[in-house]
Structures are given as C-alpha cells and as structure tokens.
Amino acid sequence: EEAALEEKLREETIDVTLPGRTFSLGSPHPLSRTIEDIEDFFLGLGYEIAEGYEVETDYYNFEALNLPKSHPARDMQDTFYISEETLLRTHTSPVQARTMESRKGRGPVKIICPGKVYRRDSDDATHSHQFTQIEGLVVDRNIRMSDLKGTLELFAKEIFGAEREIRLRPSYFPFTEPSVEVDISCFKCKGAGCNVCKGTGWIEILGAGMVHPNVLEMAGFDPDEYSGFAFG
C-alpha cells in the first residue's frame, strides 16, 4: 500500500514553479467608448447627464414635443406601442421634456441624454430596431443659433478630428424651429467625394435646431423670456 501511494504521489506531482494560465480581460464595447468620449466632452462644457425611461408615455414621447395625435411619427409601423398610451421611446427627447418640466419654468437647462431607443425598422447594415442616441438641450435667456453652431463645431473637431468642418442644411423637425441637418467633411476624401460620402464630400451626423416655442411653453417656460437649442 505504501509503495502504491508513493508511486501515485510521484505521478501526480505538481510543479508549483510553472507560470499560471493567464486570462485576458475584455475591452469596452465601441458604443460604450463613444458614449463616454461624448459625455466627457459635454461634461467639460458644463452639461449634466440626464437619463429617462425606455418605456414611455405617449404624452412625453410625442405630445410634449409638438407632435400631435395626427402626426405621421405616431404610425403603428414606426413605433412599438405597448398600449394606446404606452410605448417604447422612439428617441431620447422625452428626457428633455421631463427635465424641462421638472425645472418649473426656471433656467438654465444644460443636459445631454444618452440612451437606447426603439423603432420598427428592418435590420440591415445601417438600420436597427434598437439603437443608441445622444441628444443635447440648452435652455436659457438669449440662446441663439450661433451658440448651437459654435457648440457643434467644437464637438465635431473633438470627436471626429481637428481638421473636420461642419455645414448646416435647412430641415424640418416638429420640436425645433428653425431646424437643420448637420454634416461633417468626409474624413476619407477630405471633401473631394468618395464612396464613403457618396460623392458629396460630406457625411450627415445629426439633426438640430432652436427649441420650438410650443415645446418650451408645454414644459412651463415662457418662450418670450427663454430660448434654447437641441441636437441629437
């Protein structure tokens, strides 16, 4: 028995000087890194980070943002409705509406709202039924379109490179007036035109505009005293 035990111990000897197995740690998801980069930039400008509900009411998702009952964005084909008055938010704008309402008509408001949003879309290379959106809102006295443009220029150079230029194109959104689409100069062709920018030299990155007086009023702000800009 003793001999068998010694033989077994010899066969099962562990060399404690061998290095252990290493387990590599994961890295942050590209979306998480991008969100953190954008948050860091706006925190440096004095913004707060605001979060809200992914399951939202029809009022805050639509009505409080100047989208009445008859607006096409309420189409069942565009929105995941849970009930007649409850839905999965289609944008992070309800966070803006709720934040403004909580301030009871007193500024300033200076927030960004990162989060998941949901739309009934066919999934492909550039579309998804769930995606991430980051919106920004500033409401105070004497806020002008030039403040919006200056903020977005700084943002584009910080996130996409110091050589990036931006352009604003007239557009339409129910919750802003005037509204603009914002493009950055193409990083690949430097504006000459290529397959990335579809030959235009520009890449669309967001929509923006001055907060509509109706939206300010519904949130309790006096549109004659306060103005603001929003982007997303």
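Residues numbered from 1 in each chain as written. Predicted model: local features only at pLDDT ≥ 70, side-chain atom pairs only at ≥ 80, totals over all residues. Heavy atoms only, no water.

Q: Lay out the environment of T126 in plain terms, naming residues and giving numbers.
A: With respect to the element layout, T126 can be found in the loop between β4 (109–118) and β5 (130–140). Residue T126 is classed as exposed on the basis of its relative accessible area of 67%. In sequence terms T126 and R21 are 105 residues apart; their C-alpha atoms lie 40 Å from each other. (Helix = DSSP H or I, 4+ residues; strand = E, 2+ residues; numbered from the N terminus. Buried < 20%, exposed > 50% of the residue type's maximum accessible area, 1.4 Å probe, protein only.)

Q: Any chance you could break down the pattern of salt bridges for me, citing the residues and the numbers?
A: Going through the model one piece at a time under the given rule, you end up with 12 salt bridges. In this structure, the salt-bridge partner of E63 is K69, at a minimum N-O distance of 3.5 Å. Under the relative-accessibility criterion, E63 is labelled partly exposed at 28%. Residues joined by salt bridges that share partners form a network here, namely D58, E63, K69 and E85. (Salt bridge = Lys/Arg side-chain N within 4 Å of Asp/Glu carboxyl O.)

Q: Which residues make up the layout of surface pockets, and what are the values?
A: Put simply, the second largest pocket is a space of about 180 Å³. Lining the second largest pocket we find R167, R169, D183, V196, C197, K198, T200, W202, I203 and E204. Of all the elements in the fold, those that place two or more residues in the lining of the second largest pocket are β6 (166–173) and β8 (202–211). Per element, the largest residue contribution to the lining of the second largest pocket is three residues, and it comes from β8. For the lining of the second largest pocket, the class distribution of residues is four nonpolar, one polar and five charged. (1 Å grid on protein atoms, 1.4 Å probe; cavity = no way out; pocket = protein on both sides within 12 Å on 5 of 7 lines; lining within 4 Å. Points joined across faces, edges and corners; volume = space filled by probe spheres on them. Nonpolar A, V, L, I, M, F, W, Y, C, P; charged D, E, K, R; others polar.)

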